[in-house]
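Here is what each chain is made of, one letter per residue.
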Amino acid sequence: MESKFILVLLASTTGATQCLRVASAMSERLGQKLRFAHVEIGPRAILLPSQEQLSEYEVEHLVERERAETEKLSRIAGEWTAEHGISAEFDLYRGDQWRVMRHYRRTASMVVLASPDTQPVGHREGLRAALVRIRHPVVMVPPTWEGGFGRRLLVGWRDVPPLHRALQAYRPFLAAAEQVEAVAVDQEQTALADARAALDPIAAGASYRSVASEGRRTATVLLDAATEYQADGLVMGAFRRGEILNWLVAGTSSRLIHSSPVPLLMHP
């Protein structure tokens, strides 16, 4: 059986270097190899509801753009592996990210990718495909991220299954972090006792606090807390209300994915 690996889904050159840097730190901590993947998006993947088909010019432009992006990403990945003395396969697919993620259902332990909103049209479904299609832990890296990874982790506490799964998935990082803090937003003090019961066996010495939102959205409170804490990772459960409901009415997960300036360590 093939050993598990960390999949780095390189949607475009935007954020690619940041993803590689974070993924390398994860690889070292988990003792797992990296594997790169890129999907050349076809015309059907980017049709707008108002369009029946792309023009010949639009198709040619798309093909040229995708081919050029593949060449750039291959070069970036090759230079990165050479510089760091590691080997990693580069998988190239054509189609769409939803179909491609099925290939990694049983072989990838985690998925690393850039914030979807920063990617070109047609390359923004990787995160949802990873979380929903294969239900894997996903580390989302903002392309603007220039900090480290895993030294100061913030946990967005809520006593729900996705968060408990996230704690187990990211246990090696939580255990190795220099500092861990759990933040409960608009919850009773008893929530902190539940947080301690779940997190103390993983991250001894973690700190806990409850924060009132005072009319702010939960996502905003958590991002403010992450900035104040100088966190280099926010551990969270994703789409606890269900992915479809979050798609229809944006919830905390969607807002964090859209706005977070720090890496998100998510689990569905």
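Now for a look at the structure at hand. (Residues numbered from 1 in each chain as written. Predicted model: local features only at pLDDT ≥ 70, side-chain atom pairs only at ≥ 80, totals over all residues. Heavy atoms only, no water.)

### Digging into the pairing of strand β4 (residues 108-114)
Consideration 1: Burial runs high along β4: 7 of the 7 residues are buried.
Consideration 2: Here 5 bridges tie strand β1 (residues 5-9) to β4, and the two strands are oriented parallel to one another. Its bridge partner lying in β4, L9 is registered against L113.
Consideration 3: Note that β4 and strand β5 (residues 138-141) share 4 bridges and pair parallel. Following the sheet pairing, V112 is matched in β5 by V139.
Consideration 4: As for the winding sense of the linkage, the β-α-β connection from β4 through helix α4 (residues 126-133) to β5 is right-handed. (Buried < 20%, exposed > 50% of the residue type's maximum accessible area, 1.4 Å probe, protein only. Helix = DSSP H or I, 4+ residues; strand = E, 2+ residues; numbered from the N terminus. Pairing = 2+ DSSP bridges. Right-handed = clockwise from strand over helix to strand, strands pointing away.)

### A closer look at empty space enclosed by the protein
Consideration 1: In this structure the tally under the stated criterion is 1 cavity of 30 Å³ or more.
Consideration 2: When contributions to the lining of the largest cavity are tallied by element, the ones reaching two or more residues are β4 and α4.
Consideration 3: Across the lining of the largest cavity, the residue classes break down as 6 nonpolar, 4 polar and 2 charged. (1 Å grid on protein atoms, 1.4 Å probe; cavity = no way out; pocket = protein on both sides within 12 Å on 5 of 7 lines; lining within 4 Å. Points joined across faces, edges and corners; volume = space filled by probe spheres on them. Nonpolar A, V, L, I, M, F, W, Y, C, P; charged D, E, K, R; others polar.)

### Comments concerning helix α8 (residues 218-229)
Consideration 1: Taking 1.5 Å as the rise per residue, α8 with 12 residues should run 16 Å; its terminal C-alpha atoms sit 16 Å apart, in good agreement.
Consideration 2: Within α8, the full set of buried residues consists of A219, V221, L222, L223, A225, A226 and Y229.
Consideration 3: Close packing links the buried residues of α8 with β6 (152-157), β7 (179-185), β8 (207-211) and α10 (252-259).
Consideration 4: Note on α8: the residue one or two positions beyond its end, Q230, has a positive phi of about 55 degrees. (Expected span 1.5 Å × (residues − 1). Contact = heavy atoms within 4.5 Å.)

### A short note on the environment of T190
Consideration 1: Here T190 is to be found in helix α7 (residues 190-199).
Consideration 2: By relative accessible area, T190 is classed as exposed at 55%.
Consideration 3: For T190 and S210, which are 20 residues apart along the polypeptide, the C-alpha to C-alpha distance reads 9.9 Å.

### Overview of the side chain of S24
Consideration 1: In this structure, S24 sits in helix α1 (residues 16-30).
Consideration 2: For S24, a relative accessible area of 18% gives the class buried.
Consideration 3: Within the structure, S24 has its side chain in polar contact with the side chain of W80 (distance 3.1 Å). (Polar contact = N/O pair within 3.5 Å; in protein donor to acceptor, adjacent residues only side chain to side chain.)

### Some remarks on the sheet that holds β1
Consideration 1: If you trace the 10 strands from one edge of the open sheet to the other, you get β3-β2-β1-β4-β5-β10-β9-β6-β7-β8, paired in mixed fashion. Only two strands of the sheet have a single partner each, and these edge strands are β3 (89-95) and β8. Across the sheet, the axes of successive neighbouring strands diverge by a mean angle of 25 degrees, strand direction being ignored.
Consideration 2: Strands β4, β6, β9 (234-237) and β10 (264-267) of the sheet are contacted by helix α5 (residues 161-169), whose axis makes an angle of about 135 degrees with β9.
Consideration 3: On top of the sheet, α8 reaches β6, β7 and β8; it is set at about 155 degrees to β7, its chief contact. (Axes fitted to C-alpha atoms, helices over the stretch in contact; angles between N-to-C directions.)

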